[in-house]
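Chain and residue survey
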Amino acid sequence: MLDRPILGLAVWLSKPAGFLATCFTVTAGLAAGALLSFDDHWALVFNLFLSIAAMLLAGVILVAGARDTGAIQIKLDELIRAVENADDRLVGIEARSAEELELIRQGQHSEPVAEP
């Protein structure tokens with residue numbers, strides 16, 4: 001439900017207009033601070049605003065990154081299925097633990113790799 005708006009925000013923020021809007025917002029906050037003589041109330045509000053914005057942006061980046069990674073894994077799985085001599089056991093391998101991946105990398109894993 002929120003994927004489309006979050007991804008749209010991530011794409012928009014990655015463009016020059018999104019960067020300029022972010023810079024403008026911070027500049028407006030600093031200008032408001034100058035008008036308020038940078039008092040304690042302004043510092044508290046500005047710090048709260050920046051903290052909330054940072055958490056939201058981190059969430060947007062994580063959601064967009066997870067979606068991109070998932071799409072790449074699907075594409076790679078399809079390529080493995082399409083190549084005749086490819087090891088089909090590698091399809092869905094991203095769901096394995098780090099230890100299992102290292103064993104597979106070293107060729108010590110003989111059992112089929114189950115899809116998630």
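Further up the page is the structure itself.
Residues numbered from 1 in each chain as written. Predicted model: local features only at pLDDT ≥ 70, side-chain atom pairs only at ≥ 80, totals over all residues. Heavy atoms only, no water.

What about the side chain of D77?
For D77, the position within the fold is in helix α3 (residues 40-82). Of the side chains with opposite charge, R81 lies nearest to the buried D77, which makes no salt bridge, at 4.8 Å. There is a polar contact of 3.3 Å between the side chain of D77 and the backbone nitrogen of G92. Once residues lying within four places of it in the same chain are set aside, the contact partners of D77 are L90, V91, G92 and E94. (Helix = DSSP H or I, 4+ residues; strand = E, 2+ residues; numbered from the N terminus. Buried < 20%, exposed > 50% of the residue type's maximum accessible area, 1.4 Å probe, protein only. Lys, Arg positive; Asp, Glu negative; His and termini not counted. Salt bridge = Lys/Arg side-chain N within 4 Å of Asp/Glu carboxyl O. Polar contact = N/O pair within 3.5 Å; in protein donor to acceptor, adjacent residues only side chain to side chain. Contact = heavy atoms within 4.5 Å.)

Let's talk about the packing of aromatic side chains
With the rule as written, the count across this model stands at 2 aromatic pairs. Look at F38 and W42: their rings are 5.0 Å apart centre to centre, the planes differ by 85°, and that puts the pair in the edge-to-face class. Overall, W42 belongs to the buried group, its relative accessible area being 13%. Seen in terms of ring centroids, W42 and F46 are 4.9 Å apart; in terms of plane orientation they differ by 15°. Their pairing is stacked. Note that W42 and F46 are positioned in helix α3 at a spacing of 4 residues, about one turn of the helix. Overall, F46 belongs to the buried group, its relative accessible area being 13%. Members of the aromatic cluster, each reached through a chain of ring pairs, are F38, W42 and F46. (Phe/Tyr/Trp six-rings, centres within 6.5 Å; stacked < 30°, edge-to-face > 60°.)

A word on the pattern of salt bridges
When the charged atoms of two side chains with opposite charge come close together, those side chains can pair. The final tally for this structure, using the stated rule, is 4 salt bridges. Two residues, R67 and D68, come together in a salt bridge whose shortest N-O distance is 3.8 Å. For D68, a relative accessible area of 40% gives the class partly exposed. Here E102 ties to R105 by a salt bridge, and the two come within 2.8 Å at their closest N and O atoms. With E102 and R105 both in helix α4 (residues 98-106) and 3 residues apart, this pair spans about one turn of that helix. Classification of E102 as partly exposed rests on a relative accessible area of 34%. The class for R105 is exposed, based on a relative accessible area of 62%.

Details of the environment of L7
Within the fold, L7 resides in helix α1 (residues 3-13). Residues L7 and A43, spaced 36 residues apart in sequence, show a C-alpha to C-alpha distance of 31 Å. If near-sequence neighbours (up to four positions away) are discounted, L7 is found in contact with A64 and R67.

Here's the deal with unusual backbone geometry
With a phi angle near 60°, S37 is a residue other than glycine that sits in the positive phi range. You can see S37 is positioned in the loop between α2 (16-35) and α3. Accessibility expressed as a relative area gives 60% for S37, which makes it exposed.

Describing the packing of α2 against α3
The relative placement of two packed helices comes down to the angle between their axes together with the axis-to-axis distance. One can describe the packing of α2 onto α3 by two numbers: an axis separation of 10 Å at closest approach and a directional angle of 170°. Taken together, the axis directions place α2 and α3 in an arrangement best described as roughly antiparallel. Here T25, V26, G29, L30, A32 and G33 of α2 lie close against α3, whose contacting residues are W42, F46, F49 and L50. (Axes fitted to C-alpha atoms, helices over the stretch in contact; angles between N-to-C directions. Parallel < 35°, antiparallel > 145°, perpendicular 65-115°, else oblique.)

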